[in-house]
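Spelled out, the chains give:
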Amino acid sequence: MKKIITYVLAALLAVAVAAPSAMAAEHDAATQEEIDSLRQSLELANQELNLQKLDAKYKQIWNKGKYTMLGYALQDMGTEFTPVLKSKYAFFISKGTTYYFPKRPIGGLVKIGLDMRWTDISVARFEDEKIASDNWDVIGGDNGDGDDDSGILDRFNNLGRWCLQASAFGVGVNVGVAPLSMFDNAAKYLRASVYFHYLPTFGAILVSEDGETEASFAYCNMFDFGGKLTYRAISVGVEGRWGSGMFKPLEIDMDEDGNMGMGSGDKIKRKFASTRFYVAFTF
């Protein structure tokens, strides 16, 4: 009987000693699980925060898509039957928008864009050996015979050779790279890009020489290919532009009595090529 009582007491003592240890182990396991869960949540939160910071950085670098270009051009114009004319001076203004994708650059460096050239207007005056002086500077002067009206009319009939090209809704592609975007300083804003466009263009040519004036108009298929460097909101670039159109001439003649006559001729294919230098402002 004493042995039985001894065994029972020993078993009770063992249970009493083991129960707190089991409860402590179970509590430690639950605590460790909570710690692991909190650690995982913290890591996910840090990753999300880092992605948000990275997206904000990319937005600062790439978000400026609208641009306005102001530039100077070296332009050539010719036909199959006449020598190539070179511009005396030429200026242009362009406005457009580049829509870049994907949201995050490929490899953190490269984006591809749809480049819309909404408007592009250029004006060029061409060299002409027949024009002895710049008639824009002498309008209103006396021609020496006292007939001011006749002198002014003569000068307006000798304005030289001009070309106007107005493009709208040009479309193309743009490939941009931000090679220093991995740095966390001002260098990250430096970008380089190359692009190509097709530009539907209205062309007008005015030839006013030796008292005769001729104007011609055409739809032109124009193309350009260029590149630019951008830092923050300012870009500098250069592009080549070429194309052609079938021009229908409209001749305006005036006789000695001041009577005006008009006539038209056959269509002439004119070709254009230019190198254009520009400064662009993005916003």
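Here the structure is shown first, and the text comes after it.
Criteria and cut-off values
- Within every chain, residues take consecutive numbers counted from 1 along the sequence as written.
- Only residues with pLDDT of at least 70 are given local features in this predicted model, and only at 80 or more are side-chain atom pairs given and counted; all residues enter the totals for whole chains, interfaces and linings.
- Water and hydrogen atoms were dropped before computing side-chain values, which therefore reflect all heavy atoms in the structure.
- A helix here means a DSSP run of H or I that spans at least four residues, while a strand means a run of E at least two residues long, and both kinds are numbered starting from the N terminus.
- When a residue's accessible area, from a 1.4 Å probe over protein chains only, is under 20% of the maximum for its type it is buried; when over 50% it is exposed; and in between it is partly exposed.
- By the convention used here, residues are in contact when the closest approach between their heavy atoms is within 4.5 Å.
- Note on areas: Shrake-Rupley with a 1.4 Å probe; residue coverage comes only from the protein chains shown.
- Ring pairs are drawn from Phe, Tyr and Trp, using the six-membered ring of Trp, whenever the two centres fall within 6.5 Å, and their geometry is named by plane angle: stacked under 30 degrees, edge-to-face over 60, tilted for the rest.
- Should the NZ of a Lys or the CZ of an Arg lie within 6 Å of a ring centre and within 35 degrees of the ring normal, that charge is described as sitting over the ring.
- When DSSP finds two or more bridges between two strands, those strands count as paired.
- We score Asp and Glu as negative and Lys and Arg as positive, and we do not count His or the chain ends.
- By definition, a salt bridge exists where a carboxyl oxygen of Asp or Glu is found within 4 Å of a side-chain nitrogen of Lys or Arg.
- Within 3.5 Å is the distance limit for a polar contact, defined as a pair of N or O atoms, with the added protein rule that one can donate a hydrogen and the other accept it, and that residues adjacent in sequence qualify only through two side-chain atoms.
- Nine residue types can take part in a nonpolar core, namely buried Ala, Val, Leu, Ile, Met, Phe, Trp, Tyr and Cys, and a core is a set of them joined through side-chain atoms within 4.5 Å.
- Like charges within 9 Å and nonpolar side chains (Val, Leu, Ile, Met, Phe, Trp, Tyr) within 5 Å are joined into patches, using only residues over 30% in relative accessible area that form no salt bridge.

What about the overall build of the protein chain?
Thinking step 1. The helix and strand inventory of the protein chain stands at two helices and nine strands.
Thinking step 2. Counting all 283 residues of the protein chain, 34% fall into the buried class.
Thinking step 3. Contacts in the protein chain between residues far apart in sequence, at least 24 positions, make up 69% of those at least 6 positions apart.
Thinking step 4. Total accessible area on the protein chain stands at roughly 17100 Å², and carbon and sulfur atoms take up 64% of it.

Considering the packing of aromatic side chains
Describing an aromatic ring pair means giving the distance of the ring centres and the angle of the ring planes.
Thinking step 1. Using the criterion set out here, one finds 11 aromatic pairs in the structure.
Thinking step 2. Aromatic side chains Trp-118 and Phe-169 sit 6.3 Å apart centroid to centroid with 85° between the ring planes, which places their arrangement in the edge-to-face category. Of this pair, Trp-118 sits in strand S3 (residues 110-126) while Phe-169 sits in strand S4 (residues 160-177); the two residues are 51 residues apart in sequence, bridging distant segments of the chain.
Thinking step 3. By relative accessible area, Phe-169 is classed as exposed at 56%.
Thinking step 4. Grouped by ring-pair contacts, the aromatic residues Tyr-72, Tyr-89, Phe-91 and Trp-162 constitute a single cluster.
Thinking step 5. The ring of Tyr-67 is capped by Lys-228, whose NZ or CZ atom sits 4.6 Å from the centre of that ring.
Thinking step 6. Over the ring of Tyr-189 we find Arg-232; its NZ or CZ atom is 4.0 Å from the centre of that ring.

Concerning the pairing of strand S5 (residues 190-209)
Thinking step 1. Across 15 bridges, the pairing between S4 and S5 is antiparallel. The residue bridging Trp-162 from the neighbouring strand is Leu-206, located in S5.
Thinking step 2. Bridge count between S5 and strand S6 (residues 212-231): 20 bridges; the pairing is antiparallel. By the bridge assignment, Leu-190 is partnered in S6 with Tyr-231.
Thinking step 3. Joining the antiparallel neighbours S5 and S6 is a turn of two residues, in which Asp-210 adopts a positive phi near 50°.

Regarding the side chain of Lys-57
Thinking step 1. Looking at the element boundaries, Lys-57 is found in helix H1 (residues 2-62).
Thinking step 2. Comment: no salt bridge for buried Lys-57; closest opposite-charge side chain is Asp-184, at 5.3 Å.
Thinking step 3. Here the side chain of Lys-57 touches Ser-181 through a polar contact of 2.5 Å, landing on its backbone oxygen.
Thinking step 4. In this structure, Lys-57 is in contact with Ser-181, Met-182, Phe-183 and Lys-188, ignoring residues within four places of it in sequence.

Some thoughts on the nonpolar core
Thinking step 1. If you look at the biggest cluster of nonpolar residues, it comprises 21 residues, and the most contacted ones within it are Ile-205 and Phe-272.
Thinking step 2. Beyond its immediate stretch of four places on either side in the chain, Ile-205 contacts Met-77, Trp-162, Cys-163, Glu-214, Ala-215, Ser-216, Phe-247, Arg-270 and Phe-272.
Thinking step 3. In terms of nonpolar packing, the next biggest core, distinct from the first, is built from six residues, Ile-61, Trp-62, Ala-178 and Tyr-189 among them.

Description of a nonpolar patch on the surface
Thinking step 1. A contiguous nonpolar patch, built from Leu-70, Ile-93, Ile-121, Val-123, Leu-164, Phe-202, Phe-217, Leu-229, Ile-234, Val-236, Val-279 and Phe-281 and spanning about 990 Å² of accessible area, is present on the exposed surface.
Thinking step 2. Take Phe-202: it is sitting in strand S5.
Thinking step 3. Given the relative accessible area of 42%, Phe-202 is considered partly exposed.

Side note on the environment of Tyr-100
Thinking step 1. Note on placement: Tyr-100 falls in strand S2 (residues 85-106).
Thinking step 2. Of the residues examined, Tyr-100 reaches a relative accessible area of 18% and is grouped as buried.
Thinking step 3. When the C-alpha atoms of Tyr-100 and Val-110 are compared, they prove to be 9.8 Å apart, with 10 residues separating the residues in sequence.
Thinking step 4. Setting aside its immediate chain neighbours within four residues, Tyr-100 contacts Trp-62, Lys-111, Ile-112, Gly-113, Asn-174, Gly-176, Arg-191 and Ser-193.
Thinking step 5. At a separation of 3.1 Å, a polar atom in the side chain of Tyr-100 contacts the side chain of Asn-174.

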